[in-house]
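Spelled out from the first residue to the last, the chains are:
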Amino acid sequence: MKQSLALVSLVVRNYDEALAFYVGVLGFHLVEDRPVPEQGKRWVVVAPPGGSGAHLLLAQASTPGQSERVGNQTGERVFLFLYTDDFWRDYAAYRAKGVQFVREPVEQAYGTVAVFRDLYGNLWDLLEPAA
């Protein structure tokens with residue numbers, strides 16, 4: 001048997017503002033953006049550059065309960081882990097684009113890591129794994 005995690009759904013306020021951040025600021029690639037007219041939604045998928053792992057499905061909140069979860073899908077824990085092959089390159093680029101880091105870089109046994117907030121407040125690890 002072979003399985004893989006393909007998509008992680010991230011509840012967002014608005015498709016276009018989410019794309020502006022994930023594509024425009026973080027440099028993710030737009031994989032797919034198509035209407036789903038029968039549901040009044042869009043199917044919007046982004047992925048980190050060069051990534052071969054799971055992609056993000058940007059899911060615009062459509063109920064009050066979903067809207068309440070925008071930015072806090074995990075109870076204020078780090079939600080997503082963005083691996084990189086060059087921590088300092090990406091850290092500097094993100095800071096230059098105004099990304100807010102809430103925990104500064106540290107060297108750990110498992111790699112170099114810092115925590116940032118996305119435009120909604122979700123916490124992410126930026127991590128270059130140790131060799």
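Up top you'll find the structure we're talking about.
Note that this is a predicted model, so its numbers are computed, not measured. (Residues numbered from 1 in each chain as written. Predicted model: local features only at pLDDT ≥ 70, side-chain atom pairs only at ≥ 80, totals over all residues. Heavy atoms only, no water.)

## Re helix α1 (residues 15–25)
Moving on, step 1. Residues of α1 that are buried: Tyr15, Ala18, Leu19, Phe21, Tyr22 and Val25.
Moving on, step 2. Just downstream of α1, glycine 27 is the residue with a positive phi angle, here 80 degrees. (Buried < 20%, exposed > 50% of the residue type's maximum accessible area, 1.4 Å probe, protein only. Helix = DSSP H or I, 4+ residues; strand = E, 2+ residues; numbered from the N terminus.)

## Re the environment of arginine 42
Moving on, step 1. Here arginine 42 shows up in strand β3 (residues 41–47).
Moving on, step 2. Judged by relative accessible area, which is 23%, arginine 42 ranks as partly exposed.
Moving on, step 3. Residues arginine 42 and valine 31, spaced eleven residues apart in sequence, show a C-alpha to C-alpha distance of 13 Å.
Moving on, step 4. Setting aside chain neighbours within four positions, we find arginine 42 in contact with Tyr15, Asp16, Leu19, Asp33, Arg34, Pro35 and Val36.
Moving on, step 5. Looking at arginine 42, its side chain comes within polar contact range of the side chain of aspartate 16, at 3.2 Å. (Contact = heavy atoms within 4.5 Å. Polar contact = N/O pair within 3.5 Å; in protein donor to acceptor, adjacent residues only side chain to side chain.)

## Digging into the environment of serine 9
Moving on, step 1. Summarising the element assignment, serine 9 is placed in strand β1 (residues 7–12).
Moving on, step 2. Separated by 49 residues in sequence, serine 9 and leucine 58 place their C-alpha atoms 6.1 Å apart.
Moving on, step 3. Excluding residues within four positions of it along the chain, serine 9 makes contact with Leu57, Ala59, Gln73 and Phe79.

## Description of the side chain of threonine 112
Moving on, step 1. Relative to the helices and strands, threonine 112 resides in strand β7 (residues 111–117).
Moving on, step 2. For threonine 112, a relative accessible area of 8% puts it in the buried group.
Moving on, step 3. Side-chain polar atoms of threonine 112 contact the side chain of glutamate 107, separated by 2.8 Å.
Moving on, step 4. Leave out the neighbours within four places in its chain, and threonine 112 touches Phe87, Trp88, Val106, Glu107, Leu126, Leu127 and Glu128.

## Here's the deal with the pattern of salt bridges
Moving on, step 1. Using the criterion set out here, one finds seven salt bridges in the structure.
Moving on, step 2. In this structure, aspartate 16 engages arginine 42 in a salt bridge whose closest nitrogen and oxygen atoms are separated by 3.2 Å. Of this pair, aspartate 16 sits in helix α1 while arginine 42 sits in strand β3; the two residues are 26 residues apart in sequence, bridging distant segments of the chain.
Moving on, step 3. A salt bridge links glutamate 32 to arginine 34; its shortest N-O distance comes to 2.7 Å.
Moving on, step 4. Taking the relative accessible area as the measure of exposure, glutamate 32 reaches 28% and is therefore partly exposed.
Moving on, step 5. Taken together, the shared-partner salt bridges in this structure form one network comprising Asp16, Asp33 and Arg42. (Salt bridge = Lys/Arg side-chain N within 4 Å of Asp/Glu carboxyl O.)

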